[in-house]
Amino acid sequence: MVKAVAVIKQPNARAHEAPPSLDHKLVGGHLRQARKARGLTLAELSERSGIAVSTISKAERGDIALTYDKFAALAHSLELEFDAIFGRRRKPAAGAMKPSFTAAGKQQVYDTPNYEYGMLANNLTGKRMMPMRAHIHARAVSDFPEYIRHSGEEFVFLLAGKLELRFENGKSFRLMPGDSLYFDSSVGHIYVSVGEEDADALVCCVDTDEHRLRGAI
């Protein structure tokens, strides 16, 4: 006689855990360390990057979060890999690139007033592209002090919600789940959620600036 055995499924703990967050003060400390290691003053870095002295100073103290375009500008000016700003040192290449797996809800999050950046393939340094899971808080153009622009190309695939991409040249695109857009990142742009819920999207940035480090963002 076979006895029935009750199987109790345990809830998926991973699904309920909050994704790890990147500390703004820690990131700011890496920026300050890189600047001083190159013997640059705040004013000199400002002149190189086009980022205001006050913005760099606040970012180094961890008082504000930087958007992708400002991170890219500072990385170029410091001749620094993008990954290094988040405290990851590039590992010497040893053969073919190894796959980088990011479990659901495990991507490191860098939160800003308008966007929440979920950094994908975060343990892989020297990437030619920067993949992110973006959660868009912004609801209006007035939420942004200026349009975001940076060298390279950008791809967005909408996962959930409703999203509008607006460009400084007057063009705009409305995306529904499953829609995507590929565009020139050097044209000023912003992402705005237009539905009841915040939009959730997969975003991939590829830096084509000729001054960037070879093989790295």
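Residues numbered from 1 in each chain as written. Predicted model: local features only at pLDDT ≥ 70, side-chain atom pairs only at ≥ 80, totals over all residues. Heavy atoms only, no water.

Draft legend 1. Layout of the pairing of strand 7 (residues 180-184). Burial along strand 7 is one-sided: Leu 181 and Phe 183 are buried, and none of Ser 180, Tyr 182 and Asp 184, which face the opposite way, are. Summarising the sheet, strand 4 (residues 153-160) and strand 7 pair through five bridges and their orientation is antiparallel. Residue pairing for strand 7: Glu 154 is matched across the bridge by Phe 183. (Buried < 20%, exposed > 50% of the residue type's maximum accessible area, 1.4 Å probe, protein only. Helix = DSSP H or I, 4+ residues; strand = E, 2+ residues; numbered from the N terminus. Pairing = 2+ DSSP bridges.)

Draft legend 2. Summary view of the sheet that holds strand 7. Strand order in the open sheet formed by six strands is 1-2-3-9-4-7, and the pairing between neighbours is antiparallel. Each edge of the sheet is formed by a strand with only one pairing partner; in this case those strands are strand 1 (108-111) and strand 7. Direction aside, neighbouring strands of the sheet carry axes that sit 25 degrees apart on average. (Axes fitted to C-alpha atoms, helices over the stretch in contact; angles between N-to-C directions.)

Draft legend 3. How the structure looks around the sheet that holds strand 8 (residues 189-193). Spatially, 6-5-8 is the arrangement adopted by the three strands of the open sheet, whose pairing is antiparallel. Whereas interior strands pair on both sides, the edge strands pair on one side only; in this sheet they are strand 6 (172-175) and strand 8. Sheet twist, expressed as the mean angle between neighbouring strand axes with direction ignored, is 15 degrees. Sheet analysis places strand 5 (residues 163-167) next to strand 6, joined by four bridges and oriented antiparallel.

Draft legend 4. Region of the structure containing a nonpolar patch on the surface. A grouping of Phe 157, Leu 159 and Leu 202 is seen on the molecular surface, where their side chains present a nonpolar patch of about 210 Å² in accessible area. As for its placement among the helices and strands, Leu 159 is situated in strand 4. (Patch = residues over 30% accessible without salt bridge, like charges linked within 9 Å, V, L, I, M, F, W, Y side chains within 5 Å. Areas by Shrake-Rupley, 256 points an atom, 1.4 Å probe, with all protein chains shown as cover. Salt bridge = Lys/Arg side-chain N within 4 Å of Asp/Glu carboxyl O.)

Draft legend 5. Expanded view of the nonpolar core. Formed by 46 residues in total, the largest nonpolar core has its most connected members in Ile 136, Val 156, Leu 163, Leu 165 and Tyr 191. Top element by residues in this core is helix 5 (residues 68-77). It accounts for six residues. (Core = buried A, V, L, I, M, F, W, Y, C linked by side-chain atoms within 4.5 Å.)

Draft legend 6. Summary view of the pairing of strand 5. Burial analysis of strand 5 places four of its five residues in the buried class, which makes it a mostly covered element. Between strand 5 and strand 6, which pair antiparallel in sequence order, lie four residues; one of them, Gly 170, sits at a positive phi of approximately 100 degrees. The sheet contact formed by strand 5 and strand 8 spans five bridges and is antiparallel. What sits directly across from Phe 167, in strand 8, is His 189.

Draft legend 7. Quick look at the layout of surface pockets. In this structure, the second largest pocket encloses a volume near 350 Å³. In terms of lining residues, the second largest pocket is bounded by 17 residues, among which Ala 65, Thr 67, Lys 70, Asn 114 and Pro 145 are the most central. (1 Å grid on protein atoms, 1.4 Å probe; cavity = no way out; pocket = protein on both sides within 12 Å on 5 of 7 lines; lining within 4 Å. Points joined across faces, edges and corners; volume = space filled by probe spheres on them.)

Draft legend 8. The arrangement of the packing of aromatic side chains in detail. Applying the stated rule across the entire model yields seven aromatic pairs. Their ring planes at 65 degrees and their centres at 5.2 Å tell us that Phe 71 and Tyr 110 sit as a pair that is edge-to-face. Remark: Tyr 110 occurs in strand 1 and Phe 71 occurs in helix 5; sequence separation between them is 39 residues. In this structure, Phe 71 and Tyr 110 share a single accessibility class: buried. A centroid spacing of 5.7 Å and a plane angle of 70 degrees characterise the contact between Tyr 115 and Tyr 191, whose relative ring orientation is edge-to-face. Taken together, the residues Tyr 115 in strand 2 (residues 115-119) and Tyr 191 in strand 8 connect sequence positions 76 residues apart. Of the two residues examined, Tyr 115 and Tyr 191, each falls in the buried class. Ring pairing ties together the aromatic residues Tyr 115, Tyr 117, Phe 144 and Tyr 191, which thus form one cluster. (Phe/Tyr/Trp six-rings, centres within 6.5 Å; stacked < 30°, edge-to-face > 60°.)

Distances and angles like these do not, on their own, reveal function.
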